[in-house]
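Next come the chains, spelled out residue by residue.
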Amino acid sequence: MSLLESSVGFLSVFLAVINGIQRMDVTNIMGSVMSLVRALGIVMVLKLGYGLKGLMVNQVAVSVISMVTLTLLVRKYFPAFSFRPYRFHRGIFQRLFEYGYKVQISRISQMVNLQLDKVLIGHFVTMGMVGFYDVAAKISSAIKLLPLMSLASVVPASSQLQTEGDDERIVSLFYRGSRYLLSVSIPIAIFTILHAPLVMATWLGAGYEQAAVILRILAVGYSLNAAAGVGLFIALGVGRPDMEMKYGLLVTVLNLLFSILLIIKWGAYGAALGSTLALTVSIIYFMVLFHRYLRRSTLEYYRLFVKPLVLSVALALLNYGMLHVLGVQIQGRVQGFMILLIQFISFFGVYTLILMRSRYFDVYDEEMLLSRLPFLKFICVGKHHELTG
């Protein structure tokens, strides 16, 4: 089983090659189909009573199908491809190794940071609080990952632009991509921060008030991490993984330092605050490094925060205030879900309307958005202002 999974990991280089030619549509379809096959297999083996052995066989079958599919896809897009170990090229290996080990250090740092606070809370506080922290961390991770799902093409696109020597388009890609990302990640974070108790009560029921507080703290740091997503992906695309590596190492050191100091004083809340402070300081550091590479001022980037942040806070406070003025009481998880859904729709509906009218996006942005979301046509004002960026 482990050997087979290692083989699938080896074939992930094929997946990267297909993504590298910007055929994420192909790999996304493959991923969706494999997930469906895995889910159907799990249901089938459990219904037939095969238990744990059946689950293992199902996973092996899915892994084999994935291996064969990846191999066929690579042969389709690269007909001349062949596996010849004797054609080992030392120079290429050295370049890949120098790039790869920096990426791996960054990934290891991420893994450490995801688990570090839980270990510290278990040691300094109680194991019971680890559960509350884990629930909040999972929601915060979802807040971070949801906006980043659309950025898969940034790495190959920036790599191609760098190969062509088109630095100005790399700069444009960063600011335009960051504008899109911030317009989504900021309102999601603000909405979650203000409605954290309602989110927890709807998802898990009563008794998770402490997790709601932790969620509010973590959502700040995780959303800032998401906001830097375009810069992190471009850094990888232009062959500068050292920037992400330095960022990851700094987060780990600061998280350990801040969390220990603050856990002793405030328990699990201190761990969340330590993580948020570590992420905030490290993101600022990364942005300094990245803008030095771009030869641009960081102020230009931070200006992109203003409209989405001010608008999100104002609307969320209004949204939150209306809930309390009306004296709405949560009577069960179903009612909580309905209230949360109404709040979500009203918040993001008004937010989208005002942001599009505020000329946060330029003509190019609006045309691109309209090509994918035609229903926004009635609120776009692109024809009334000039193209920028």
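Chemist: Can you walk me through the overall build of the protein chain in this structure?
Modeler: For the protein chain, the helix and strand inventory stands at 17 helices and zero strands. When burial is assessed residue by residue, the protein chain has 42% of its 389 residues classed as buried. By sequence separation, contacts in the protein chain at least 24 residues apart represent 77% of the contacts at least 6 residues apart. For the protein chain, the accessible surface area stands at approximately 21600 Å², while carbon and sulfur atoms represent 69% of it.

Chemist: In this structure, what is going on with the pattern of salt bridges? I would like to understand it.
Modeler: Close approach of charged atoms lets side chains of opposite charge pair. Throughout the structure, instances matching the rule amount to eight salt bridges. Taking the shortest distance from any N to any O, the salt bridge between lysine 138 and aspartate 134 comes out at 3.4 Å. Note that lysine 138 and aspartate 134 are positioned in helix H6 (residues 127-148) at a spacing of four residues, about one turn of the helix. Salt bridges sharing partners connect three or more residues here, namely Lys118, Asp134 and Lys138.

Chemist: Help me understand the nonpolar core, please; the structure alone is not making it clear to me.
Modeler: Nonpolar side chains in soluble globular proteins tend to be buried together. Counting residues in hydrophobic clusters, the biggest one holds 79 residues, and the most contacted among them are Phe174 and Ile214. Counting residues per element, this core draws most heavily on helix H8 (residues 167-194), which supplies 13 residues. Every residue in contact with isoleucine 214, bar those within four places of it in the chain, is listed here: Met129, Phe132, Tyr133, Ala136, Ala268, Tyr269 and Ala272. Of all hydrophobic cores here, the second largest spans nine residues; its members include Val26, Met30, Met34 and Val74.

Chemist: When you look at the side chain of serine 312 in this model, what are you seeing that I'm missing?
Modeler: When you line up the elements, serine 312 lands in helix H15 (residues 306-325). Only 2.6 Å separates the side chain of serine 312 from the backbone oxygen of proline 308, close enough to count as a polar contact. Residues contacting serine 312, with those up to four places away along its chain left out, are Ile186, Pro187, Ile190, Phe347 and Tyr351.

Chemist: Honestly, the packing of aromatic side chains in this entry has me stumped. Any pointers?
Modeler: How two aromatic rings sit relative to each other is given by the distance of their centres and the angle of their planes. According to the stated counting rule, one finds 20 aromatic pairs in the structure shown. Each ring, one from tyrosine 302 and one from phenylalanine 305, has its centre 6.1 Å from the other, and the planes form 40°; the classification is tilted. Following the ring pairs from residue to residue traces out a cluster consisting of Phe174, Tyr175, Tyr247, Phe286, Phe290, Tyr293, Tyr301, Tyr302 and Phe305.

Chemist: So what exactly am I meant to see when it comes to the packing of helix H9 (residues 196-204) against helix H10 (residues 209-227) here?
Modeler: Look at H9 against H10: their axes get within 8 Å of each other, and the N-to-C directions meet at 130°. What the angle tells us is that H9 and H10 run oblique. The chirality of how H9 crosses H10 is right-handed. Seen from H9, the contacting residues are Ala196, Pro197 and Met200; seen from H10, they are Ala211, Ala212, Leu215 and Arg216.

Chemist: Even after reading the chapter, I still don't get helix H4 (residues 51-77), so can you show me in this structure?
Modeler: In an α-helix, one turn spans 3.6 residues, which is why side chains three or four residues apart end up on the same side. Under the 1.5 Å per step criterion, the end-to-end length of H4 is 39 Å for 27 residues, consistent within 8% with the ideal 39 Å. Those residues of H4 that sit buried are Gly54, Asn58, Gln59, Val62, Ser63, Ser66, Leu70, Leu73 and Val74.

Chemist: Can you walk me through helix H11 (residues 229-237) in this structure?
Modeler: Of all the nine residues making up H11, eight are buried; the element is thus mostly covered by neighbouring parts of the structure. For H11, the full list of buried residues reads Gly229, Val230, Gly231, Leu232, Ile234, Ala235, Leu236 and Gly237. Of the residues one or two after H11, glycine 239 is the one with positive phi, at around 80°.

Chemist: Is there a simple way to think about the environment of serine 185 in this case?
Modeler: Examined against the element boundaries, serine 185 turns out to sit in helix H8. A sequence separation of 37 residues divides serine 185 from tyrosine 222, and the C-alpha atoms of the two residues are 9.9 Å apart.

Chemist: Teacher, can you tell me more about the confidence of the model for the protein chain here?
Modeler: Detailed reading of the predicted coordinates is not advisable wherever pLDDT is low. Per-residue confidence for the protein chain gives a mean pLDDT of 84, with 89% of residues at or over 70. Within the model, pLDDT remains below 50 along residues 382-389, and this stretch shows 19 contacts once partners closer than five positions in the same chain are excluded.

Chemist: Just checking my understanding: could you explain the side chain of serine 63 for this structure?
Modeler: Here serine 63 is to be found in helix H4. With a relative accessible area of 4%, serine 63 lands in the buried category. Of note is the side chain of serine 63, whose polar atom sits 2.9 Å from the backbone oxygen of glutamine 59.

Chemist: Explanation requested: unusual backbone geometry in the structure shown.
Modeler: Working note: non-glycine residues mostly have negative phi, and peptide bonds are mostly trans. Phi at arginine 295 is positive, roughly 60°, even though this residue is not glycine. Topologically, arginine 295 is positioned in the loop between helix H13 (268-294) and helix H14 (298-302). Since its relative accessible area comes to 69%, arginine 295 is described here as exposed. A positive phi angle, close to 65°, is found at arginine 359, a residue other than glycine. Secondary-structure assignment places arginine 359 in the loop between helix H16 (333-357) and helix H17 (363-372). Residue classification places arginine 359 among the partly exposed positions, given a relative accessible area of 46%.

Chemist: Would you explain a nonpolar patch on the surface in this entry?
Modeler: A cluster of nonpolar side chains, namely Val334, Phe337, Met338, Leu341, Phe344 and Ile345, defines an oily patch on the protein surface of about 590 Å² accessible area. In this structure, isoleucine 345 sits in helix H16.

Chemist: Which parts of the structure should I look at to understand the environment of isoleucine 190?
Modeler: In this structure, isoleucine 190 sits in helix H8. Distance from isoleucine 190 to leucine 309, taken between C-alpha atoms, is 8.1 Å for residues 119 residues apart in sequence. Leaving out residues up to four positions away in the same chain, isoleucine 190 has contacts with Leu309, Ser312, Val313 and Ala316.

About the thresholds
- Residues numbered from 1 in each chain as written.
- Predicted model: local features only at pLDDT ≥ 70, side-chain atom pairs only at ≥ 80, totals over all residues.
- Heavy atoms only, no water.
- Helix = DSSP H or I, 4+ residues; strand = E, 2+ residues; numbered from the N terminus.
- Buried < 20%, exposed > 50% of the residue type's maximum accessible area, 1.4 Å probe, protein only.
- Contact = heavy atoms within 4.5 Å.
- Areas by Shrake-Rupley, 256 points an atom, 1.4 Å probe, with all protein chains shown as cover.
- Salt bridge = Lys/Arg side-chain N within 4 Å of Asp/Glu carboxyl O.
- Core = buried A, V, L, I, M, F, W, Y, C linked by side-chain atoms within 4.5 Å.
- Polar contact = N/O pair within 3.5 Å; in protein donor to acceptor, adjacent residues only side chain to side chain.
- Phe/Tyr/Trp six-rings, centres within 6.5 Å; stacked < 30°, edge-to-face > 60°.
- Axes fitted to C-alpha atoms, helices over the stretch in contact; angles between N-to-C directions.
- Parallel < 35°, antiparallel > 145°, perpendicular 65-115°, else oblique.
- Left-handed = near helix turned anticlockwise from the far one by under 90°.
- Expected span 1.5 Å × (residues − 1).
- pLDDT = per-residue confidence, 0-100.
- Patch = residues over 30% accessible without salt bridge, like charges linked within 9 Å, V, L, I, M, F, W, Y side chains within 5 Å.

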